[in-house]
Amino acid sequence: MAVRRVMPIIQSEAAQESREFYGLLGFEEVMNIGWIMTLASPSSPTAQVSVMTSDKTAPVTPDMSVEVDDVEAVYAVVRDSGAEIVHPLQDEEWGVRRFFVRDPNGRVVNVLSHR
């Protein structure tokens, strides 16, 4: 298993203002599907931040995303560890397969792979 990128998720109703603010730091919009927008550094594309109103396909809004090379393998390890799966492993319409797990501090982590 390999981690490809880690992204903080900022829950906010101020998407435009967030885009402008993070633009001051060099980030540019790379994805926007209405309820979630991802901004990335052009010089280091895996340096990203997402701004989300709320997760439209899951019961909670995650605190961060971790993209892995094999989400099936990570899901099996996490499930077998007894960690709380907050949202089951499933395919999403925008091309990712993901699940949510709660970390020991109560934070919800969106673990995903692109299909």
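Cut-offs used in this document
- Positions within a chain are numbered from 1, following the residues in the order the chain's sequence is written.
- Given that this is a predicted model, residues contribute local features only at a pLDDT of at least 70 and side-chain atom pairs are listed and counted only at 80 or more, while totals for whole chains, interfaces and linings are drawn from all residues.
- Water and hydrogen atoms play no part in the side-chain values, which are based on all heavy atoms of the structure.
- One requirement defines pairing of two strands: DSSP has to find at least two bridges between them.
- Only DSSP runs of H or I covering at least 4 residues are called helices, and only runs of E covering at least 2 are called strands; the numbering of each starts at the N terminus.
- Helix axes use the C-alpha atoms of the stretch in contact, all axes being lines fitted to C-alpha atoms, and the angles between their N-to-C directions lie in the range 0 to 180 degrees.
- UniProt positions are given in the numbering used here, feature names are shortened, and annotations may be inferred rather than shown by experiment.
- Classification of residues uses two cut-offs on accessible area relative to the type maximum, computed with a 1.4 Å probe and protein chains only: under 20% is buried, over 50% is exposed, and between them is partly exposed.
- Here a residue-residue contact requires only that any non-hydrogen atoms of the pair lie within 4.5 Å.
- Here a polar contact is recorded for every N or O atom pair within 3.5 Å, except that within protein the pair must consist of a potential hydrogen donor and a potential acceptor, and residues adjacent in sequence are included only if both atoms are side-chain atoms.
- Only centres within 6.5 Å qualify two rings of Phe, Tyr or Trp (six-membered ring in Trp) as a pair; their planes then separate them into stacked at under 30 degrees, edge-to-face at over 60, and tilted for everything else.

Student: Would you mind showing me how to read the sheet that holds strand S2 (residues 28–32) here?
Tutor: Hydrogen bonding along the main chain pairs the strands of a sheet, whether they run parallel or antiparallel. Taken together, the 8 strands give an open sheet; going across it, the order is S2-S3-S4-S1-S5-S8-S7-S6, and neighbouring strands pair in mixed fashion. One side of each edge strand has no neighbouring strand; the edge strands of this open sheet are S2 and strand S6 (85–91). Neighbour to neighbour, the strand axes of the sheet diverge by 25° on average, direction disregarded. As paired strands, S6 and strand S7 (residues 96–102) are joined by 4 bridges and run antiparallel to one another. Along S7, the bridge assignment pairs His87 with Phe100.

Student: Where do I start with the UniProt feature "domain: Glyoxalase/fosfomycin resistance/dioxygenase" (unreviewed entry) in the protein in this structure?
Tutor: Sites flagged by UniProt as "domain: Glyoxalase/fosfomycin resistance/dioxygenase" (unreviewed entry) map to residues 14–108. Secondary structure across residues 14–108 divides into 22% helix and 37% strand, with the first and last C-alpha atoms of the span separated by 21 Å.

Student: How should I be thinking about the environment of Arg97 in this particular structure?
Tutor: If you trace the backbone, Arg97 turns up in strand S7. When its relative accessible area of 21% is taken as the criterion, Arg97 is described as partly exposed. A sequence separation of 50 residues divides Arg97 from Ala47, and the C-alpha atoms of the two residues are 21 Å apart. Apart from residues lying up to four places away in sequence, Arg97 is in contact with Val71, Glu72, Leu89, Gln90, Asp91, Val111, Leu112, Ser113 and Arg115. At 3.0 Å, the side chain of Arg97 forms a polar contact with the side chain of Asp91.

Student: What exactly am I supposed to notice about the environment of Pro42 here?
Tutor: On the secondary structure map, Pro42 appears in the loop between strand S3 (36–40) and strand S4 (48–52). C-alpha of Pro42 to C-alpha of Glu28: the two residues are 14 residues apart in sequence and 7.0 Å apart in space. Those residues in contact with Pro42 that lie beyond four places of it in its chain are Gly26 and Glu28.

Student: Just checking my understanding: could you explain the packing of aromatic side chains for this structure?
Tutor: Note on aromatic pairs: each is described by the distance of the centres and the angle between the planes. According to the stated counting rule, one finds 4 aromatic pairs in the structure shown. Ring geometry for Tyr75 against Phe99: centres 5.0 Å apart, planes inclined by 75°, an arrangement best described as edge-to-face. Separated by 24 residues along the polypeptide, Tyr75 in helix H2 (residues 71–81) and Phe99 in strand S7 bring together distant segments of the chain. An aromatic cluster of three or more residues is present, and its members are Phe21, Tyr22 and Phe27.

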